[in-house]
Amino acid sequence: MDKTIIITGAGSGIGRATATAFLGAGWRVGLIGRRHETLEATAGGDNRALILQCDVGEAASVESAFATARKKWDRLDALFNNAGISSPARTIDETDVETWLDVVRINLTGSFLCARAAFAWMRAQKPQGGRIINNGSIAAHSPRPGSSPYASTKHAITGLTKTLSLDGRKFDIVCGQIDIGNALTEMAVPMTEGVPQPDGSIRAEATMDITHVASSVLHMAEMPLDANVQFITVMAPKMPFIGRG
């Protein structure tokens, strides 16, 4: 039986690259995102791709997307909680409340809602079990200047990963986290031009090809449920992380 995965934020960037990798490996892939046209572009006409237009920050939208997938598939093998947004580099006093709430809604609440729906499905199916992979970030360990909304949500993702790992044990549901550094997506293009550093300077940073992230997520997902990659960091080796600051 073909394995199944739902990928959030599948319309572009890491989500699209990961979906492409899983489709290439023979998986059936549920594509979650807000824009139907970008999800169609990711699917590329592959009949194993299931478009699930959804706002991950809205509970009813998430429930509807997962219900659609459950009508199509007998089971869910994996969820890649990938959807996320950043915010402009600003100190906390310059960060408006609406920006904070929007980043928390997508990055943290969205991950909670999708993990909740996937966990319930994996717990109910026979045999029980499945895998949830959360997209953390280098920012889950070491924030950039002026990134309080983003860094706070990514630190919180680590807490979500750990609690899911504990709660899932008796149901054979495992959870791991991939922390990504400077994968060259549209969001990371400014890194190549120059971004603020902790010492106040503006410098360009090294990046890596996005396909390395996709292959890493695929490796995590294809492990048997008696093994797990709990945390993995995939990063451009010359970016400022080890010794950041």
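Structure shown above.
Note that residues are indexed from 1 along each chain, following the sequence as it is written. Residue-level local features of this predicted model are given only where pLDDT is at least 70; pairs of side-chain atoms are given and counted only at 80 or more, and the full residue set underlies all totals for whole chains, interfaces and linings. Side-chain figures throughout are based on the complete set of non-hydrogen atoms in the structure, without hydrogens or water.

What follows covers the nonpolar core. Across soluble globular proteins, nonpolar side chains show a tendency to be buried alongside one another. With 35 residues, the main nonpolar core has Phe-22, Val-29 and Ile-178 as its most contacted residues. Helix and strand assignments follow DSSP, with helices taken as H or I runs no shorter than four residues and strands as E runs no shorter than two, numbered in order from the N terminus. Of all the secondary structure elements, the ones that give two or more residues to this core are strand S1 (4-8), helix H1 (13-24), strand S2 (28-33), helix H2 (36-43), strand S4 (78-81), strand S6 (173-181), helix H7 (211-221) and strand S9 (231-235). It is H7 that contributes the most residues to this core, 6 residues altogether. Whether two residues are in contact is decided by their heavy atoms, any of which lying within 4.5 Å being enough. Not counting the four nearest positions on each side in its chain, Ile-178 is found in contact with Phe-80, Ile-133, Asn-134, Asn-135, Gly-136, Ser-137, Val-213, Ser-216, Val-217, Met-220, Ile-232 and Val-234. Residues enter a nonpolar core if they are buried and are Ala, Val, Leu, Ile, Met, Phe, Trp, Tyr or Cys, with the set joined through side-chain atoms within 4.5 Å. Per-residue accessibility, obtained with a 1.4 Å probe over protein chains only, is compared with the maximum for each type, and a residue is labelled buried under 20%, exposed over 50%, and partly exposed between these values. Judged by nonpolar contacts, the second largest core, of 30 residues, contains Ala-83, Ala-117, Ile-132 and Ile-157.

Attention now goes to the state of the cysteines. Each disulfide is one covalent bond, formed between the sulfur atoms of two cysteines. A pair of cysteine sulfur atoms is labelled a disulfide when the two atoms are within 2.5 Å. Per the stated rule, a full pass over the model turns up 0 disulfides. There is no disulfide at Cys-114, and the cysteine sulfur nearest it, in Cys-54, is 5.8 Å away. Summary of cysteine pairing: Cys-175 is not part of a disulfide, and the nearest cysteine sulfur, belonging to Cys-114, is at 13 Å.

For this document, the term salt bridge refers to a Lys or Arg side-chain nitrogen within 4 Å of an Asp or Glu carboxyl oxygen. For the coordinates displayed, the defined rule picks out 7 salt bridges. Taking the shortest distance from any N to any O, the salt bridge between Arg-90 and Asp-96 comes out at 3.9 Å. On the basis of relative accessibility, which here comes to 32%, the residue Arg-90 falls in the partly exposed class. Residue classification places Asp-96 among the partly exposed positions, given a relative accessible area of 30%. Bridged by salt links that share partners, the residues Asp-55, Glu-58, Asp-102 and Arg-105 form one connected network.

The next point concerns H2. Inspection of H2 places Thr-38, Leu-39, Thr-42 and Ala-43 among the buried residues, and these make up the whole buried set. Take H2 and look down its axis: the buried residues cluster within an arc of 145°, on one side only. Against H1, S2 and strand S3 (49-53) lie the buried residues of H2. Once H2 ends, the next one or two residues include Gly-44, with phi positive near 55°. This arc is built from the directions going out from the helix axis to the C-beta atoms.

The next point concerns helix H3 (residues 59-72). The span one expects for a helix is its residue count, reduced by one, times 1.5 Å. Counted at 1.5 Å a residue, the expected span for H3 with its 14 residues is 20 Å, and the 20 Å between its end C-alpha atoms agrees. Those residues of H3 that are buried are in contact with S1, S2, S3, S4 and helix H4 (97-124).

Where H4 contacts helix H5 (residues 148-167), the axes come no closer than 9 Å and their chain directions differ by 15°. Here H5 runs roughly parallel to H4, going by the angle between their axes. The hand of the H4/H5 crossing is right-handed. Residues Trp-100, Val-103, Val-104, Asn-107, Leu-108, Ser-111, Phe-112, Ala-115 and Phe-119 of H4 form the contact with H5, whose own contacting residues are Ser-148, Pro-149, Tyr-150, Ser-152, Thr-153, Lys-154, Ala-156, Ile-157, Leu-160, Leu-164 and Asp-167. Each residue gets one label: Ala, Val, Leu, Ile, Met, Phe, Trp, Tyr, Cys and Pro are nonpolar, Asp, Glu, Lys and Arg are charged, and the others, such as Gly, are polar. Taken together, the residues that form the contact of H4 with H5 break down as 13 nonpolar, 5 polar and 2 charged. In this analysis an axis means a line fitted to C-alpha atoms, helices contributing only their contacting stretch, and an angle means the value between N-to-C directions, from 0 to 180 degrees. Under this scheme an angle from 65 to 115 degrees is roughly perpendicular, one under 35 degrees roughly parallel, and one over 145 degrees roughly antiparallel; angles in between are oblique. Left-handed describes a crossing whose near helix is turned anticlockwise from the far helix through less than a right angle; right-handed describes the clockwise counterpart.

Any pair of Phe, Tyr and Trp rings, taking the six-membered ring for Trp, is counted once the centres come within 6.5 Å. Such a pair is stacked with planes under 30 degrees apart, edge-to-face with planes over 60 apart, and tilted for the rest. In this structure the tally under the stated criterion is 3 aromatic pairs. Pairing Phe-22 with Trp-27 gives two aromatic rings, centres 4.9 Å apart and planes at 85°, and the pair type is edge-to-face. Considering the side-chain rings of Phe-119 and Phe-171, the 5.9 Å spacing of their centres and the 85° angle between planes classify their relative orientation as edge-to-face. A residue pair is termed long-range when its members are at least 10 positions apart, and Phe-119 in helix H4 and Phe-171 in the loop between H5 and S6 qualify at 52 residues.

Bringing the packing of H1 against H7 into the picture now. Put simply, H1 and H7 touch, their axes get as near as 8 Å, and they point 55° apart. The orientation of H1 relative to H7 falls into the category oblique. Remark: the crossing between H1 and H7 carries right-handed chirality. On H7, the residues touching Ile-14, Ala-17, Thr-18, Ala-21 and Phe-22 of H1 are Val-213, Ala-214, Val-217, Leu-218 and Ala-221. Here the contact of H1 with H7 is composed, by residue class, of 9 nonpolar, 1 polar and no charged.

The next thing to look at is a nonpolar patch on the surface. Patch definition: residues with relative accessible area over 30% and no salt bridge; like charges joined within 9 Å; nonpolar side chains (Val, Leu, Ile, Met, Phe, Trp, Tyr) joined within 5 Å. Per-residue and other accessible areas were derived by the Shrake-Rupley procedure at a 1.4 Å probe size, with only the shown protein chains allowed to occlude residues. Where nonpolar side chains cluster on the molecular surface, the patch consists of Val-97, Trp-100 and Leu-101 and spans about 300 Å² of accessible area. Relative to the assigned elements, Val-97 resides in helix H4.

Take Thr-38: it is sitting in helix H2. Engagement of the side chain of Thr-38 in a polar contact is seen with the backbone oxygen of Arg-35, the distance being 2.9 Å. If we skip the residues at most four places from it in the chain, Thr-38 touches Gly-11 and Arg-16. As used in this structure description, the phrase polar contact means that two N or O atoms lie within 3.5 Å; if the pair is within protein, one of them must be able to donate a hydrogen and the other to accept it, and residues adjacent in sequence are counted only when both atoms belong to side chains.

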